Every structure is written in C-alpha cells, then in structure tokens.
Amino acid sequence: MPKCSECDCISELCKIVDSKHCMRCTKKICCCITMHRPEKKSHILMFFHHIRTLFAAALGIEILCISAAEIGENSAFYFFGYHLQGIILGYIMGYAAAGFTTFMTILGRYDLRNTKIESCCSVLEQQSNKGFLPNLITTFKNFGIGVSKLTSLHRQSNIKYFLKTSFIILITAETACILTAETVDLIFYKQSILLSIPLALLAGSLAVVIPEAYKKTKTPSL
C-alpha cells in the first residue's frame, strides 16, 4: 500500500479516521488531511455557530416588527397603567402593531401576482449571508413599498390568497418572536425602559434564530 513519505499515512488505513485521531501520522499537523475521513463537528458547536451567523440577519429582518410590538405595548403601559388591564391591552396593541408592520413588509416584498409567499424564517435562510445593515435597509424598503400598495390592494384578483397566507405566516412564524419580545419588555419595563427595549430586540430575534439554527444543525450538509 502506498505510504506518504512525510507523515507515514496510508490511504486505505487512514480513510476510516479523521486526521486528529490518526495513530499512524508522525507529524504534529498531518500533511494528508484530505486522505482522512472529514472531522465531525460537535452538534452543539454547530448550533451556536449557526446562531452567530444568523443573528445579525434576523435582527435586520425582524427589527421593525419587534420595535412595533414594543411601541404598542409600552404605549398601553403609559396610557392605561402597569397593571392587569394595561398588560392585557399592551399585549393586544403590541401584537396588532407588529402584525401590521409584518403584513406591510410582506406586501412590499412580493409581487401580488406571485403565487408563492414565504415566511420570515425562509427569508432569513436566504438572506443570512447579507448581515444586519443590508437586511435592515431591505426590510424598511419593503415596508414602505407595502404601505404604498395598500390603496390598490382591493383591486388585486388574488387578495384572498394573499391575506390568508399573510395571516398564517403571522400566526405560525411571527407569534413566538412577537410574544417573546413583549414578555421580555414587560419583565424589564419597570426596571428601565432603556434596558427593556434592547433585551426585547435580542429575545425576539433569538426566538426566530434558534429554531432555524436547530434545523440547520440537524440537516446534514451536502
């Protein structure tokens, strides 16, 4: 069997182990890495790697939705008080405000003649390599376009499909993000509103990122 003249690795014997666990290699850093089995990464390390790479993009995509939820909730606390009635109204107003911005962003993102509308998780997966600022700009741009389309929405032939799909996306994909942000905002509101707002943004974005990172960790890369 042919043997490497530098590190004594043999292809037929070394292909069943990764380079770090090869017992034949005589060098500190093996020169025949491609001869060995690819090293398996820890699922935990991969999970946190995906969280790190997805978070900036998620924050750019979700910041408008989460900010609207916080504005709605904090407005209710201010006008109605920080008690049971105010908290209930805060959740309702926050969810309604976030729902409106989500709907406007979806409306601006797609041509209404398009038959396929994707959730924010699907958009996150596609836009994860663009980072925070490009996604933030795109989100606000789509929101503006959506608002401008609002007056002509009733003339669209597939309006029922669009409204139904947008509502499903809001309930299934955005609810966890919105409620998480609202709950964190509620917890820290009394301590400091300056603390509650960034923490709510962080928690709301993580509510979107964590399931997506888990899915990418469990899906074997080709």
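Refer to the preceding data block for the structure.
The present account deals with the structure reproduced in this document. (Residues numbered from 1 in each chain as written. Predicted model: local features only at pLDDT ≥ 70, side-chain atom pairs only at ≥ 80, totals over all residues. Heavy atoms only, no water.)

### Here's the deal with the packing of helix α6 (residues 159-188) against helix α7 (residues 193-218)
Next up, step 1: At a minimum axis separation of 8 Å, α6 and α7 run at an interaxial angle of 155°. Our classification of the angle between α6 and α7 gives roughly antiparallel. Here α6 and α7 pass one another in a crossing that is right-handed. Only L195, S196, I197, L199, A200, A203, G204, A207 and V208 of α7 make contact with α6, whose side of the interface consists of A176, C177, T180, A181, V184, D185 and F188.
Next up, step 2: Per-class residue counts for the contact of α6 with α7 are 12 nonpolar, three polar and one charged. (Axes fitted to C-alpha atoms, helices over the stretch in contact; angles between N-to-C directions. Helix = DSSP H or I, 4+ residues; strand = E, 2+ residues; numbered from the N terminus. Parallel < 35°, antiparallel > 145°, perpendicular 65-115°, else oblique. Left-handed = near helix turned anticlockwise from the far one by under 90°. Contact = heavy atoms within 4.5 Å. Nonpolar A, V, L, I, M, F, W, Y, C, P; charged D, E, K, R; others polar.)

### So, the packing of aromatic side chains
Next up, step 1: This structure, assessed with the given rule, holds six aromatic pairs.
Next up, step 2: Between the aromatic rings of F47 and F48, the centroid separation amounts to 5.5 Å while the plane-to-plane angle is 75°, which identifies the pairing as edge-to-face.
Next up, step 3: Accessibility expressed as a relative area gives 53% for F48, which makes it exposed.
Next up, step 4: Linked through ring pairs, F77, Y82 and Y189 together constitute an aromatic cluster. (Phe/Tyr/Trp six-rings, centres within 6.5 Å; stacked < 30°, edge-to-face > 60°. Buried < 20%, exposed > 50% of the residue type's maximum accessible area, 1.4 Å probe, protein only.)

### Concerning a nonpolar patch on the surface
Next up, step 1: A cluster of nonpolar side chains, namely Y78, F79, F80 and M93, defines an oily patch on the protein surface of about 490 Å² accessible area.
Next up, step 2: At three residues, the largest contribution of residues to the nonpolar patch is made by helix α2 (residues 43-80).
Next up, step 3: Tracing the chain through its elements places Y78 in helix α2. (Patch = residues over 30% accessible without salt bridge, like charges linked within 9 Å, V, L, I, M, F, W, Y side chains within 5 Å. Areas by Shrake-Rupley, 256 points an atom, 1.4 Å probe, with all protein chains shown as cover. Salt bridge = Lys/Arg side-chain N within 4 Å of Asp/Glu carboxyl O.)

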